[in-house]
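Residues per chain, in single letters:
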Amino acid sequence: MKILLTNDDGYQSEGLNTLADLLVSAGHEVWICAPSVERSASSHSMTLRGDITITEYAPNRYHCSGTPADCILYASRVGLFGEQPDLVISGINHGYNISTDVLYSGTVAAAREAAINGMKAIAISASKDENGTFAFTQSAHFLLDHLPTLFELLSNTTILSINVPPQPNGKI
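Residues numbered from 1 in each chain as written. Predicted model: local features only at pLDDT ≥ 70, side-chain atom pairs only at ≥ 80, totals over all residues. Heavy atoms only, no water.

Enquirer: A description of the nonpolar core should follow, citing residues and the corresponding values.
Expert: Ranked by size, the top nonpolar core spans 28 residues in total, and within it L5, L19, L23, L87, I89, L143 and I162 carry the most contacts. Among the secondary structure elements, those contributing two or more residues to this core are β1 (2–6), α1 (14–25), β2 (29–35), β5 (87–94), β6 (121–126), α5 (136–153) and β7 (159–164). I89 has contacts with I3, L4, L5, T6, L19, L23, I122, I124 and L143, leaving out every residue within four places of it along the chain. Of all hydrophobic cores here, the second largest spans 18 residues; its members include W31, C71, V88 and A111. (Core = buried A, V, L, I, M, F, W, Y, C linked by side-chain atoms within 4.5 Å. Buried < 20%, exposed > 50% of the residue type's maximum accessible area, 1.4 Å probe, protein only. Helix = DSSP H or I, 4+ residues; strand = E, 2+ residues; numbered from the N terminus. Contact = heavy atoms within 4.5 Å.)

Enquirer: For the packing of α1 against α5, give the residues involved together with the corresponding values.
Expert: A pair of packed helices is captured by two measures, namely the crossing angle of their axes and the spacing between those axes. Where α1 contacts α5, the axes come no closer than 9 Å and their chain directions differ by 40°. With respect to each other, α1 and α5 are oriented oblique. Between α1 and α5 the crossing geometry is right-handed. Within the contact between the two elements, α1 uses E14, G15, T18, L19, L22 and L23 and α5 uses F136, T137, A140, H141, L143, L144 and L147. Residue composition of the contact of α1 with α5, grouped by class: eight nonpolar, four polar and one charged. (Axes fitted to C-alpha atoms, helices over the stretch in contact; angles between N-to-C directions. Parallel < 35°, antiparallel > 145°, perpendicular 65-115°, else oblique. Left-handed = near helix turned anticlockwise from the far one by under 90°. Nonpolar A, V, L, I, M, F, W, Y, C, P; charged D, E, K, R; others polar.)

This is the structure in C-alpha cells:
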C-alpha cells in the first residue's frame, strides 16, 4: 500500500518516524510530507500569502515550511510524489485529539484536508503514561495490525481519528 504520512509535530517527531519505520518494515511504500517545525494547534490553516519551501531530506521524504494542511495540498495537488497515495495517515500525534481538540488539531486537520481532496485518511494520536512516555510503538503496531480492517471502513470523504491510551490493549 502507498501511504502518505504527515503530522503537526514536525518531520523529526518520534511518533511520525516510529510509524514510518514500522510501515516500511511491513512492506508498505511510505511517503512523508510533514511540517519543517512543530505546527500544533494550527487547525486547518493554509498558507495563502508568502512562500512555501519544500525540502527533500531523503528519498520520498519531504518537510514543508507550511502547515499540515499545506503538506497535504502540496503532496496531492502539486503531485510531489507523482501519484495519489492509497491512504493518508496523520500522526502519531503527541497527545490526544479528543472533544474540542479536534477543532484545533493540525493532525486531524491534515486528515480532513486529505478527505476533502478525495483520499482515505486516518489521524492517530497517543497519550503519555505517568512517566511521560508516549505509546508510539504500541500505537504504530495497533495501526499496522488493524490496517486492513480500518482501511475498509474508510471512504474518500470521511476520516477516522484514533486516540491510543497510555497502556493500550491492542483491541479495536
